[in-house]
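Survey of secondary and tertiary structure
Now for the letters of each chain:
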Amino acid sequence: TFSPITVNESVISNNEEKGVYTGNTNSLITVTSSKIENNGGSGITSSGNYSGVIVRKSIIKNNNGHGIYSSYWPGIVDYCFVENNGIEGQRGELGVYIGSYQTGAIGEINFSTITNNKGYGYYFGSSSNAYIKNSIIWNNNNGCEKLFKS
């Protein structure tokens with residue numbers, strides 16, 4: 001069963017755990033014109049098989065885990081600000097993580113700023129088709145980026 005989740009023009013903040021989370025369901029999380037901040041875990045997490053995240057015109061900041069995490073496809077970030085996610089000293093948390101375990105999956109970052117995250121600014125998995133366009137990826141603790149392509 002496929003379960004889409006849509007968040008539009010909303011504020012999701014100060015939750016004990018993740019801000020938006022699909023669990024292990026087949027879901028597409030779409031977030032538009034929203035602010036996801038100050039959550040105890042990741043801001044947005046889609047971790048089920050064949051699940052993905054599309055985030056547009058949103059601010060994802062100050063979460064204690066990844067800013068945006070998509071274990072499969074697609075992982076699309078357009079016109080977003082992703083800042084200060086993760087916990088100091090825990091290097092595994094990133095601004096944007098697109099694992100893309102499925103061959104041919106799409107990972108895109110367009111017209112976005114990814115800065116001051118505790119781990120890498122972004123990570124695209126080995127099966128991803130990765131695209132970055134007109135974006136600023138700067139001052140993330142483990143460096144500007146990590147791109148794994150085999």
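For the structure given in this document, a descriptive report is provided here. It should be emphasised that the depicted structure is a prediction, and the values quoted were computed from it without experimental measurement. Note on numbering: residues in each chain are counted from 1, in written sequence order. Given that the model is predicted, a residue must reach a pLDDT of at least 70 before its local features are reported, and side-chain atom pairs must reach 80 or more before they are shown or counted; all residues, however, enter totals for whole chains, interfaces and linings. Water and hydrogen atoms play no part in the side-chain values, which are based on all heavy atoms of the structure.

Focus: the overall build of the chain
Scanning the chain from N- to C-terminus turns up 0 helices and 18 strands. Residues classed as buried in the chain amount to 48% of the 150 residues present. Residue contacts are defined here by distance: any two heavy atoms, one from each residue, within 4.5 Å place the two residues in contact. Looking at the chain alone, contacts between residues at least 24 apart form 54% of all its contacts between residues at least 6 apart. Looking at the chain as shown, the accessible area adds up to about 7,000 Å², and 46% of this sits on carbon and sulfur atoms. A helix here means a DSSP run of H or I that spans at least four residues, while a strand means a run of E at least two residues long, and both kinds are numbered starting from the N terminus. Each residue's exposure class comes from its accessible area (1.4 Å probe, protein chains only) as a fraction of the maximum for that residue type: buried when under 20%, exposed when over 50%, partly exposed otherwise. For the area figures, the Shrake-Rupley method with a 1.4 Å probe applies, and any residue is considered shielded solely by the protein chains shown.

Some remarks on the sheet that holds strand 14 (residues 113-115)
Read across the sheet, 6 strands follow the order 2-5-8-11-14-17 without closing on themselves; strand pairing throughout is parallel. Here the strands that pair on one side only, and so sit at the sheet edges, are strand 2 (11-13) and strand 17 (136-138). Neighbouring strand axes in the sheet, compared pairwise and without regard to direction, differ in orientation by 5° on average. Relative to strand 17, strand 14 is paired through 3 bridges, and the arrangement is parallel. Following the sheet pairing, T115 is matched in strand 17 by W138. Should DSSP find at least two bridges between two strands, the strands are taken to pair. Every angle, taken between N-to-C directions, lies between 0 and 180 degrees, and every axis is a line fitted to C-alpha atoms, over only the stretch in contact when it is a helix.

Digging into unusual backbone geometry
Backbone geometry at Y79 places phi at a positive 55°, although glycine is not the residue there. You can see Y79 is positioned in the loop between strand 10 (75-78) and strand 11 (81-83). One non-glycine residue, N84, lies in positive phi territory at about 55°. As for its placement among the helices and strands, N84 is situated in the loop between strand 11 and strand 12 (96-98).

Regarding the nonpolar core
Soluble globular proteins tend to pack their nonpolar side chains together in the buried interior. Judged by nonpolar contacts, the single largest core of 21 residues is most densely connected at I44, V55, I68 and V96. Going through the elements one at a time, strand 4 (28-32), strand 7 (52-56), strand 12 and strand 15 (122-124) are the ones with two or more residues in this core. For this analysis, a nonpolar core means a set of buried residues of the types Ala, Val, Leu, Ile, Met, Phe, Trp, Tyr and Cys, connected via side-chain atoms within 4.5 Å.

Section: the packing of aromatic side chains
Each aromatic pair joins two rings of Phe, Tyr and Trp (for Trp, the six-membered one) with centres within 6.5 Å, and gets the label stacked for planes under 30 degrees apart, edge-to-face for over 60, and tilted for any other angle. Applying the stated rule across the entire model yields 4 aromatic pairs. For the pair Y79 and F111, a centre-to-centre distance of 4.9 Å together with 5° between the ring planes defines the contact as stacked. In this pair, Y79 is assigned in the loop between strand 10 and strand 11 and F111 in the loop between strand 13 (105-110) and strand 14, connecting sequence segments 32 residues apart. Of the residues examined, Y79 reaches a relative accessible area of 48% and is grouped as partly exposed. For F111, a relative accessible area of 33% puts it in the partly exposed group. Here a set of aromatic residues connected by ring pairs shows up, and it is made of Y69, Y97 and Y123. The ring of Y21 is capped by K18, whose NZ or CZ atom sits 4.6 Å from the centre of that ring. A ring is considered to have a charge above it if a Lys NZ or an Arg CZ atom is located within 6 Å of its centre and within 35 degrees of its normal.

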